[in-house]
Amino acid sequence: MNWSKGQILLIVFITMGIVFVSFYFELYVLLFIPLVFLLGSIIFFKPDLLFFCLAFLTPLSINPADAELGKLSLSLPTEPIAAVLVLLFFLLFFTTEKVDKKFLLHPISWLLYIYFAWLLVTSFTSVDKVVSIKFVIAKLWFIIPCYFLAAIYFKEPKNIYTYLYLFVFGLSLVAMFNIVHLATYGFEDKPSQWTMQPFFKDHTILGAILALVIPLSFGLIRLDRGNKFRQISLFGFTLILLTCLVVTFSRAAWVSIIPALLLFLILFFKLRFKYVLMLVGFGLFYLFSNLDVILMDLEHNKVAGSDDVIENAESISNISTDPSNLERINRWACAIEMWKDKPYFGWGPGTYMFEYAPFQLRGNYTAISTNFGDVGNAHSEYLGPLAETGVLGLLIFAALFVMVFVFGFRAYFRSTMKAEKILLSTVMCALITYFVHGFLNNFLDTDKASNIFWPLIAIIVVMDLKLARTKY
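This report concerns the structure included in the present document. (Residues numbered from 1 in each chain as written. Predicted model: local features only at pLDDT ≥ 70, side-chain atom pairs only at ≥ 80, totals over all residues. Heavy atoms only, no water.)

## Some remarks on the environment of D48
Stage number 1. Tracing the backbone shows D48 in helix α3 (residues 47–57).
Stage number 2. A relative accessible area of 23% places D48 in the partly exposed class.
Stage number 3. When the C-alpha positions of D48 and L88 are compared, they lie 9.7 Å apart, and in sequence the two are 40 residues distant. (Helix = DSSP H or I, 4+ residues; strand = E, 2+ residues; numbered from the N terminus. Buried < 20%, exposed > 50% of the residue type's maximum accessible area, 1.4 Å probe, protein only.)

This is the structure:
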């Protein structure tokens, strides 16, 4: 449908009038009228635009509850957009042939079906069924648009580049905002924990997403050599992201960059996945064989986090006096004790933060602990599911970790095209940052992490299907 200039101007004036009336008379509910009209027009005439808007808007989204701007705990505008995209996926599934049946039958897709099935089972056995059902619904509007719907668009390589570029662009704007805001406080450590608000809740989640996106920005520079404007802009974005990562003082994010560099070297030297598994196995064997000695060495570290980047890095291994590290250990211990109490079905999806308080041991209390246990989650993508959904919940996420790299490596070594290899190595390096970061924090219950994490996994599956010799 082609719009005339007169029709466009009429719509603009009507929208401006609605906005003016809503603010003048404080009838803010009227603001939903142009929003609904806009979303409806996009869905009807250009539904793919809504999907790509999700990439750009995710870093810029605001959760009023997290930013102390209200009681509404919903990321705006991304979660309403994601909910609409869920409907779009099912519309395409039932009315078109765009949904690839092979994608739906891929082993990683099957793992997600098992994941959702187990979430439903553990929701029925949950100690708080309302919380668990809400948690499952939120997972649906994170995973369906960003994994299943994404696969439809990612069949075209240019759409993959567009989605990643828009996410990098959006995050770069937030990073620049944070750098400028923090500069007014002299780049001190304490303000760095909240200067990214209202876009991100705190420095830990911003650091995690920065660590994940930085490999993407480097990869896009290599992929966009034919487009000078985008390449120059990506150089600028990368510098901004790197600077912001340093000044977040997020030690977990700094640590998660290291495995991305190691993985890049592994792919560069063409080491097979089985050899990588052997190296990881040897490393774990050495770690557990010398655990007592390692812990004794760590306990001697008394360096506290500070404004000094070197001291902040050294404090990463301080498990004797650093409050942040000690509180993380407290949360992990609670998760393990909760699992011991309900080992098979767990306490229910999304319930950890409401139930962990009684499991805090007096010896694990820190300066930032509370008797009410109302200041966060399990700080682990592995122990959180263990406490909430039992041992199977942990195994599912661990299986996802392994399967992503099994199929990623397989696609990488089967590809003969340089651009495909760059894309796959870029995606795997980005994902490894989050899987490692997942040992220290968990953010997949937020749009900030989910709206980039699941599309990256969708890229792995799409590329694997393109290059696979196996029929699913």
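Now that the structure has been shown, we can carry on.
## A look at the nonpolar core
Stage number 1. One finds Y147 and F405 to be the most contacted residues of the largest nonpolar core, which totals 121 residues.
Stage number 2. Counting residues per element, this core draws most heavily on helix α19 (residues 447–467), which supplies 14 residues. (Core = buried A, V, L, I, M, F, W, Y, C linked by side-chain atoms within 4.5 Å.)

## A look at the packing of helix α9 (residues 203–223) against α19
For any two helices packed against each other, one specifies the crossing angle of their axes together with the interaxial distance.
Stage number 1. Put simply, α9 and α19 touch, their axes get as near as 10 Å, and they point 30 degrees apart. One way to sum up the angle between α9 and α19 is to call them roughly parallel. Our pair here, α9 against α19, has a crossing hand that is left-handed. Contact with α9, carried on its side by I205, I209, L212 and L216, involves K448, A449, I452 and L456 of α19 and no other residues of that element.
Stage number 2. Among the residues forming the contact of α9 with α19, the class breakdown is 7 nonpolar, no polar and 1 charged. (Axes fitted to C-alpha atoms, helices over the stretch in contact; angles between N-to-C directions. Parallel < 35°, antiparallel > 145°, perpendicular 65-115°, else oblique. Left-handed = near helix turned anticlockwise from the far one by under 90°. Contact = heavy atoms within 4.5 Å. Nonpolar A, V, L, I, M, F, W, Y, C, P; charged D, E, K, R; others polar.)

## Things to note about a nonpolar patch on the surface
Stage number 1. There is a patch of nonpolar side chains on the surface, built from I258, L262, F264, L265, F268, F269, L271 and L279 and spanning about 810 Å² of accessible area.
Stage number 2. Looking at which element gives the most residues to the nonpolar patch, the answer is helix α11 (residues 251–268), with 5 residues.
Stage number 3. Mapping F268 onto the fold places it in helix α11. (Patch = residues over 30% accessible without salt bridge, like charges linked within 9 Å, V, L, I, M, F, W, Y side chains within 5 Å. Areas by Shrake-Rupley, 256 points an atom, 1.4 Å probe, with all protein chains shown as cover. Salt bridge = Lys/Arg side-chain N within 4 Å of Asp/Glu carboxyl O.)

## Looking at the side chain of T433
Stage number 1. Along the polypeptide, T433 turns up in helix α18 (residues 418–437).
Stage number 2. T433 sits in the buried class, given a relative accessible area of 1%.
Stage number 3. Engagement of the side chain of T433 in a polar contact is seen with the backbone oxygen of A430, the distance being 2.5 Å.
Stage number 4. Beyond its immediate chain neighbours, meaning those up to four positions away, T433 contacts A211, L212, P215, S256 and A260. (Polar contact = N/O pair within 3.5 Å; in protein donor to acceptor, adjacent residues only side chain to side chain.)

## Comments concerning unusual backbone geometry
Stage number 1. Of note, the bond from L76 into P77 is cis; its omega dihedral lies within 30 degrees of zero at 5 degrees.
Stage number 2. Residue Q197 is joined to P198 through a cis peptide bond whose omega torsion reads 15 degrees.
Stage number 3. Relative to the elements of secondary structure, P198 occurs in the loop between α8 (157–183) and α9.
Stage number 4. With a phi close to 55 degrees, F187 is a non-glycine residue in the positive phi region.
Stage number 5. Residue position: F187 is located in the loop between α8 and α9.
Stage number 6. Residue H379 is not a glycine yet carries a positive backbone phi of 60 degrees.
Stage number 7. Counting through the fold element by element, H379 comes out in the loop between α16 (352–355) and α17 (383–414).

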